[in-house]
Amino acid sequence: MVKSFRTTDRVFDVIIVAVLTLLSLSTLLPLVHIVAESFSDKAAVAGGLVTFYPRHFTLVAYRAVMSDHAFFRAFLVSVERVLLGGGLQFAFTILTAYALSRPTSEFRSRNAYMWILVFTMIFSGGMIPFYLTIRDLHLLDTMAALVLPTAVPVFNVVVLMNFFKSLPKELDEAALIDGAGPWYRMVSLYVPLSLPSIATVTLFSVVGHWNAFFDGMLLMNSPDKYPLQTYLNQIIVQASQPQSHLTPDQIKQLSQLSDRTVNSAKILVSLVPILIVYPFLQRYFVTGMTLGSVKE
Amino acid sequence: MRNKLAIHYHVMLIPAIVILGLFSIYPLFGLMIAFEDFKPGRGIWHSPFVGWENFQYVFMLPDIKQIFYNTVSIAIMKIVFTQLFAIVFALLLNEVKNLLFKKTVQTIVYLPHFISWVLLGGIIINVLSLDGIVNEALQAIGIPPIFFLGSNHWFPGVMVGTHVWQEFGFSAIVYLAALTGINPSLYEAAAIDGAGRFKRLLHISLPGITATIILLLTLDLQNVLNAGFEQILNLYNPMVYQSGDIIDTYVYRAGLREFQYELGTAVGLLKSAVSFVLIAISYFLASKFANYRIF
């Protein structure tokens, strides 16, 4: 009796491991293929010989990326927007979340401000009024257009606000009795106690800024001001899109002309910053997400 | 004393009010364009008012039904299949006792969530193109090449499939959290009564997360008009406009690329209005039946 359970359970185990391995491979293999192409010889890639390991190993594609000025200019624009935009979001999220975490007994207008935030979360003017607003403010083609509109990420504010609220009130009262003012309590009590939550929302804003491409496409007129993702969208995605008047054979020829190895290398170099923050992101996001989002 | 403190909190909220006022609230006035014969030179305040004319025009457009259908069908398929894969994945992962294997699988499947659609688009175009690795593999087993991103037959399915591929792991996090909340004594009792691992999964784990499943599906109601703007913008092309053009891509193309500001704003406003109703229904249901509150 007991033994038969053990065998079915063992079969069950094998099935689980097999399914999970398959799912992991489906995620990983496309990336491995791109890595393999980026280190392979152009001709081997065009001939369809490269699968999941490099053929005729070469660094030519990476050398081409390294000497590509447009790529590096876009890379630097992205670094700049991550530092500026991430910094602004960090400061404004803490300020806003802290003020909104105060009880109404201490801050009577708290609910009115909260409604404004909720309102902006639900209603948006949409793409065209947003574009015209940036134009009217004379921010088109400036770094400010990329970092200011998202400087107060409402969702992150709500997550952090709920975390601040969950901290024991006694600590706050003790600090108040010791004569600590609101700014002092925020900086030396709430922020240090909430580091995991703050780390989570900050990492999310860094990743968000690094990955954003549409605002660059919408708001930047000159290509030399494109952030990296917008630049890549132009050279990889738009350039490789088939045109309707071409036959499948012509498209096949066209895509062989464009250099797949260099494009693969560009994709991977752009992925490096994400891969660097990913381990930290992973350590924090589970706690950070579940802590703030649902309140009993 | 209390009023004195409040002044500090007002000061702390100045950046939020300025930023949201400029970039979230001020653009709402721009919605007037939907009711105007908009002249870019005269701006939103001085262009002639035309009432519902732009909306009448929208409803007469031959493509509008198709675009609405594309949006809703792609979005609903994405919701259903992502949740389905996430649930199965979470239930299976929950059975794994080997921590190293568990962590490795999680690390791998969460990763695509953090990669931008530009890079994913580059990868997917590479892999699915006519001379890509998928078609090479199909040819090796005798299937003629498929033009995944250039055929109206395949395109919506590819959008759903690649979205599920990107998101199923990350969507499972909530289910995994719910699974850890199930009382272990339930499993022990079932084991003593002779239930095998699969039966325990079916009769304890699955019922244990049913409430979470219903809550997430309710919240997903908000996304019925969000079919994935960035994804489709990075993967579509004129050959698949018929099956792949959604409300957001249409607003961008017709409104901004072709300078039909009134048309784009009117379509966007219609979408916002319906979305608002969906958000309201979804939060009402979620707070009433699952006691869910975000604030």
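Model, not experiment: these values are computed from the prediction. (Residues numbered from 1 in each chain as written. Chains lettered and ligands numbered in written order. Predicted model: local features only at pLDDT ≥ 70, side-chain atom pairs only at ≥ 80, totals over all residues. Heavy atoms only, no water.)

## A word on the overall build of chain B
Piece 1. The helix and strand tally for chain B stands at 15 helices and zero strands.
Piece 2. Reported as C-alpha extents along the three principal axes, the dimensions of chain B are approximately 80 × 75 × 30 Å.
Piece 3. The long-range fraction of contacts in chain B, counting pairs at least 24 apart against all pairs at least 6 apart in sequence, stands at 64%.
Piece 4. Only carbon and sulfur atoms are counted for the fraction: they give 69% of the accessible area of chain B, which is about 13,700 Å². (Helix = DSSP H or I, 4+ residues; strand = E, 2+ residues; numbered from the N terminus. Contact = heavy atoms within 4.5 Å. Areas by Shrake-Rupley, 256 points an atom, 1.4 Å probe, with all protein chains shown as cover.)

## Concerning the overall build of chain A
Piece 1. Scanning chain A from N- to C-terminus turns up 15 helices and zero strands.
Piece 2. The buried share of chain A, taken over its 296 residues, is 50%.
Piece 3. In chain A, the share of contacts with a sequence separation of at least 24, taken over all contacts with a separation of at least 6, comes to 71%.
Piece 4. About 14,200 Å² of surface is accessible on chain A, with carbon and sulfur atoms providing 68% of the total. (Buried < 20%, exposed > 50% of the residue type's maximum accessible area, 1.4 Å probe, protein only.)

## Digging into the domain arrangement of chain B
Residues and elements named next belong to chain B.
Piece 1. Domain boundaries in chain B define domain 1 (1–51) and domain 2 (61–290).
Piece 2. Just the C-alpha atoms count here: the centres of domain 1 and domain 2 sit 34 Å apart.
Piece 3. Residue-level contacts link nine residues of domain 1 with five residues of domain 2.
Piece 4. Carbon and sulfur atoms make up 80% of the area that domain 1 and domain 2 hide from each other, which totals about 560 Å².
Piece 5. For the interface between domain 1 and domain 2, the tally reads zero salt bridges.
Piece 6. Across the domain 1-domain 2 interface, the total number found is one residue pair in polar contact (both at pLDDT 80 or more).
Piece 7. Per-class residue counts for the side of domain 1 that touches domain 2 are six nonpolar, one polar and two charged. (Domains from an automatic or database assignment. Buried area = accessible area lost by both parts, 1.4 Å probe. Salt bridge = Lys/Arg side-chain N within 4 Å of Asp/Glu carboxyl O. Polar contact = N/O pair within 3.5 Å; in protein donor to acceptor, adjacent residues only side chain to side chain. Nonpolar A, V, L, I, M, F, W, Y, C, P; charged D, E, K, R; others polar.)

## Topic: the UniProt feature "transmembrane region" (unreviewed entry) in chain A
Residue and element names in this part refer to chain A.
Piece 1. Following the UniProt record, the feature "transmembrane region" (unreviewed entry) maps to residues 12–36, 82–100, 112–132, 144–164, 189–210 and 267–286 here.
Piece 2. Structurally, residues 12–36 is divided into 100% helix and 0% strand, and its ends, taken at the C-alpha atoms, are 35 Å apart.
Piece 3. Secondary structure within residues 112–132 divides into 81% helix and 0% strand; the distance between the first and last C-alpha atoms comes to 28 Å. (UniProt positions renumbered as here; feature names shortened; annotations may be inferred.)

## Some details on empty space enclosed by the protein
Over the atoms, a rolling probe the size of a water molecule traces out where space has been left empty.
Residue and element names in this part refer to chain A.
Piece 1. Inspection of every chain in the model, using the stated rule, returns three cavities of 30 Å³ or more.
Piece 2. One number sums up the size of the second largest cavity: a volume of about 50 Å³.
Piece 3. Forming the boundary of the second largest cavity are Gln-89, Phe-90, Thr-93, Ile-94, Pro-153, Asn-156, Leu-160, Ile-198, Val-201, Thr-202 and Ser-205.
Piece 4. Of the residues belonging to the lining of the second largest cavity, the class tally is six nonpolar, five polar and no charged. (1 Å grid on protein atoms, 1.4 Å probe; cavity = no way out; pocket = protein on both sides within 12 Å on 5 of 7 lines; lining within 4 Å. Points joined across faces, edges and corners; volume = space filled by probe spheres on them.)

## Here's the deal with the UniProt feature "transmembrane region" (unreviewed entry) in chain B
All names here are of chain B.
Piece 1. When the UniProt feature table is mapped onto this chain, "transmembrane region" (unreviewed entry) is found at residues 12–35, 67–93, 105–128, 168–189, 201–219 and 266–286.
Piece 2. The span residues 67–93 carries 100% helix and 0% strand; its end-to-end C-alpha distance comes to 38 Å.
Piece 3. Helix makes up 100% of residues 201–219 and strand 0%. Its end C-alpha atoms lie 25 Å apart.

## A look at the nonpolar core
Piece 1. Judged by nonpolar contacts, the single largest core of 180 residues is most densely connected at Phe214(A), Leu218(A), Leu219(A), Phe89(B) and Tyr252(B).
Piece 2. Ranked by the residues each element gives to this core, the list is headed by helix 9 (residues 155–180) of chain B, at 14 residues. (Core = buried A, V, L, I, M, F, W, Y, C linked by side-chain atoms within 4.5 Å.)

## Thoughts on the packing of aromatic side chains
Piece 1. Tallied over the entire structure, the rule returns 35 aromatic pairs over all chains.
Piece 2. Seen in terms of ring centroids, Phe214(A) and Phe229(B) are 4.8 Å apart; in terms of plane orientation they differ by 85°. Their pairing is edge-to-face. Of this pair, Phe214(A) sits in helix 12 (residues 214–219) while Phe229(B) sits in helix 12 (residues 229–235), on two different chains. Judged on exposure class, the residue Phe214(A) and its partner Phe229(B) are both buried.
Piece 3. Judged by centre distance (6.3 Å) and plane angle (85°), the ring pair of Tyr110(B) and Phe170(B) falls under edge-to-face. Placement of Tyr110(B) in helix 6 (residues 99–110) and of Phe170(B) in helix 9 is noted, with a sequence separation of 60 residues between them.
Piece 4. Taking relative accessible area as the criterion, Tyr110(B) reaches 3% and is therefore assigned buried. (Phe/Tyr/Trp six-rings, centres within 6.5 Å; stacked < 30°, edge-to-face > 60°.)

## Comments concerning unusual backbone geometry
Residues and elements named next belong to chain A.
Piece 1. Its identity is not glycine, yet His-56 carries a phi of approximately 50°, on the positive side.
Piece 2. Tracing the sequence through the fold places His-56 in the loop between helix 2 (42–46) and helix 3 (60–66).
Piece 3. Residue His-56 is classed as exposed on the basis of its relative accessible area, which comes to 56%.
Piece 4. A positive phi is found at Asp-141, a non-glycine position, where the angle reads about 75°.
Piece 5. Counting through the fold element by element, Asp-141 comes out in the loop between helix 6 (127–136) and helix 7 (143–147).

## Remarks on the UniProt feature "domain: ABC transmembrane type-1" (unreviewed entry) in chain B
Piece 1. When the UniProt feature table is mapped onto this chain, "domain: ABC transmembrane type-1" (unreviewed entry) is found at residues 68–282 of chain B.
Piece 2. Here residues 68–282 of chain B is 76% helix and 0% strand, with 20 Å between the C-alpha atoms at its ends.

## Quick word on the domain arrangement of chain A
Residues and elements named next belong to chain A.
Piece 1. Segmentation of chain A into domains returns domain 1 (2–58) and domain 2 (66–293).
Piece 2. The interface of domain 1 with domain 2 comprises ten residues on the first partner and eight residues on the second.
Piece 3. Summed over both sides, the interface of domain 1 with domain 2 buries roughly 730 Å², with 68% coming from carbon and sulfur.
Piece 4. At the junction of domain 1 with domain 2, the criterion picks out one salt bridge.
Piece 5. Between Arg-260 and Glu-37 there is a salt bridge whose closest N-O contact spans 3.7 Å.

## Remarks on the interface of chain A and chain B
Piece 1. With 109 residues of chain A at the interface, the matching set in chain B holds 96 residues.
Piece 2. Approximately 9,000 Å² of surface area, both sides summed, lies buried where chain A meets chain B, with 76% of it carried by carbon and sulfur atoms.
Piece 3. On the chain A side of the interface with chain B, the three residues burying the most area are Phe12(A), Leu20(A) and Ile128(A), jointly 7% of the side's total.
Piece 4. Our enumeration of links across chain A and chain B arrives at three salt bridges.

## Some words on the environment of Ile146(B)
All names here are of chain B.
Piece 1. With respect to the secondary-structure elements, Ile-146 resides in the loop between helix 8 (133–140) and helix 9.
Piece 2. Taking the relative accessible area as the measure of exposure, Ile-146 reaches 15% and is therefore buried.
Piece 3. Between the C-alpha atom of Ile-146 and that of Val-134, which follows or precedes it by twelve residues, the distance is 9.1 Å.

## Quick word on the side chain of Thr261(A)
Piece 1. Within the secondary structure layout, Thr261(A) lies in helix 15 (residues 260–293).
Piece 2. For Thr261(A), the contacting residues outside a window of four places in its chain are Glu37(A), Ser38(A), Ser40(A), Asp41(A), Lys42(A), Val45(A) and Ala61(A).

## Focus: the environment of Ala254(B)
Residues and elements named next belong to chain B.
Piece 1. Mapped onto the elements, Ala-254 comes out in helix 14 (residues 247–257).
Piece 2. Given a relative accessible area of 4%, Ala-254 falls into the buried group.
Piece 3. Note: C-alpha distance between Ala-254 and Ala-227 (27 residues apart in sequence) is 18 Å.

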